[in-house]
Every structure is written in C-alpha cells, then in structure tokens.
Amino acid sequence: MRTWWFPDNTALCNFAAVDRLPLLEKVLDGRGRWTQAVAHEAGRSAAYHPRLRGVPEAGWLGEPVEISDEAEVAEVDRVRRAVFGGSAAAPTQHLGEAETCVLITLRAEFRDSAWITDDRSAGAFARQRSITTKETFDLPVGTRSCTSAGAPGGP
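Source: prediction; values computed, not measured.

Okay, the overall build of the chain next. Per the secondary structure count, the chain includes eight helices and three strands. Moving toward the C terminus, one meets the helices and strands of the chain in the order β-α-α-α-α-α-α-β-α-β-α. Relative to its 155 residues, the chain shows a buried fraction of 44%. Relative to all contacts within the chain whose residues are 6 or more apart in sequence, the contacts with residues 24 or more apart total 66%. By element, 51% of the accessible surface of the chain is carried by carbon and sulfur atoms, the whole surface being about 8,000 Å².

This part is about the packing of helix 5 (residues 70-83) against helix 6 (residues 95-106). Where helix 5 contacts helix 6, the two axes come as close as 8 Å, and the packing angle between them is 130 degrees. Classified by the interaxial angle, the pair formed by helix 5 and helix 6 is oblique. As for how helix 5 packs across helix 6, the hand of that crossing is right-handed. Of the residues in helix 6, those touching helix 5 at Glu-72, Glu-75, Val-76, Val-79 and Arg-80 are Leu-95, Ala-98, Glu-99, Val-102 and Leu-106.

Ordered in space as 1-2-3, the three strands form an open sheet in which the pairing is parallel. Each edge of the sheet is formed by a strand with only one pairing partner; in this case those strands are strand 1 (5-7) and strand 3 (132-134). The mean inter-strand angle of the sheet, taken between neighbouring strand axes irrespective of direction, is 25 degrees. Direction of pairing for strand 2 (residues 114-116) relative to strand 3: parallel, over a ladder of three bridges. Opposite Trp-115, over in strand 3, you have Thr-133 as the bridge partner.

On to the packing of aromatic side chains, then. On inspection of all chains with the given rule, the structure shows two aromatic pairs. Ring centres 5.5 Å apart and planes at 80 degrees place the aromatic pair Phe-84 and Phe-125 in the edge-to-face group. Residue Phe-84 is found in the loop between helix 5 and helix 6, and its partner Phe-125 is found in helix 7 (residues 120-128); the two are separated by 41 residues along the sequence. Taken as a pair, Phe-84 and Phe-125 share a single burial class, namely buried. Between Arg-33 and the ring centre of Trp-4, over which it is positioned, the NZ or CZ distance is 5.3 Å.

Mapped onto the fold, Thr-133 is located in strand 3. Leaving out residues up to four positions away in the same chain, Thr-133 has contacts with Trp-115, Thr-117, Gly-123, Ala-126, Arg-127 and Asp-138.

Moving on: the nonpolar core. Membership of the largest hydrophobic core comes to 22 residues, with the highest contact counts inside it found for Leu-12, Leu-21, Leu-24, Trp-34, Leu-52 and Trp-60. At the level of secondary structure, the elements contributing two or more residues to this core comprise helix 1 (9-17), helix 2 (21-28), helix 3 (36-45) and strand 2. The greatest single-element share of this core, amounting to five residues, is contributed by helix 1. If we skip the residues at most four places from it in the chain, Leu-21 touches Leu-12, Phe-15, Ala-16, Arg-51, Leu-52, Val-55 and Trp-60. Phe-6, Ala-37, Ile-67 and Ile-131 belong to the second largest nonpolar core, which has 20 residues in total.

Thresholds applied
Residues numbered from 1 in each chain as written. Predicted model: local features only at pLDDT ≥ 70, side-chain atom pairs only at ≥ 80, totals over all residues. Heavy atoms only, no water. Helix = DSSP H or I, 4+ residues; strand = E, 2+ residues; numbered from the N terminus. Buried < 20%, exposed > 50% of the residue type's maximum accessible area, 1.4 Å probe, protein only. Contact = heavy atoms within 4.5 Å. Areas by Shrake-Rupley, 256 points an atom, 1.4 Å probe, with all protein chains shown as cover. Axes fitted to C-alpha atoms, helices over the stretch in contact; angles between N-to-C directions. Parallel < 35°, antiparallel > 145°, perpendicular 65-115°, else oblique. Left-handed = near helix turned anticlockwise from the far one by under 90°. Pairing = 2+ DSSP bridges. Phe/Tyr/Trp six-rings, centres within 6.5 Å; stacked < 30°, edge-to-face > 60°. Lys NZ or Arg CZ within 6 Å of the ring centre and 35° of its normal. Core = buried A, V, L, I, M, F, W, Y, C linked by side-chain atoms within 4.5 Å.

Here it is as structure tokens:
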C-alpha cells in the first residue's frame, strides 16, 4: 500500500513564506495529497503567500480528496468541534485538520499515510490516534534550509 503525505495549510504556508514549495514537492516525491478543506484554506492563504496560487495547477498534491460519505462527514464535524474547538458559527474552522485525521483513520487507502502539520496541538491529537505525524522540522535533512533561510531567527 502506498504511503501518502498530507501537508496541512500551516505547513504549506511555512514553505511558501520562505519560497521553498518546490523543495516540499521534492520531499513528497509524488506522494502528496490534500483534502478539499486544506485546498480551500491554501487558496485563501494565497492572498498572503502568493506562491500558493500555483500549487493546484502544479498538481503535486493531486486532486483534493472529497469527503461525502455521511458517516465520514459526521465524524469530521465531531472531530472539528470536540477535538479542535470548531463552532457551528464558523463551519470551516479547523475543517482541514479534522478532514485529514478522519481520512487517515477511516479510509483503508490512506491508513498508512503521514500528516505534516506545524500545529502542535493538532499533531498531539493525531499521534494519540496513531497517525504518523511530522512537523516541517522533522522532514528530511535537506529541508532544514527551508526553515532557516530567510526566516526570522535563521542564519
């Protein structure tokens, strides 16, 4: 079974902020995926990180994975509210995190996947659910330069 890598919007923004999205693409090596909510969040974040605009057309995260099964939709909403603190008044708040966790835990084709998130509380929850979780800093050594080059506090 193929191991997919799901970066969240925070990780995408971090790479975009230091102009290293091509490096993330290389690290993912054809294994990148994203959910509809993360794709939507990245589209909104492109106003602040214009480099994100090219990600959908480049195709290295594939088509956004859709969640339409009733049981999955219900579980996404439960996780979004109960775990990540989302509210009914803000239905997209924490939706990307919830969608990613539900996909990896419920769908057989994504069960061996890894989630890349720099949101520590979301990562802690995912690890409790036995989801392989990486932070930007955990990615292969070559990516260390993307977190320091041009970043505050970097060389």
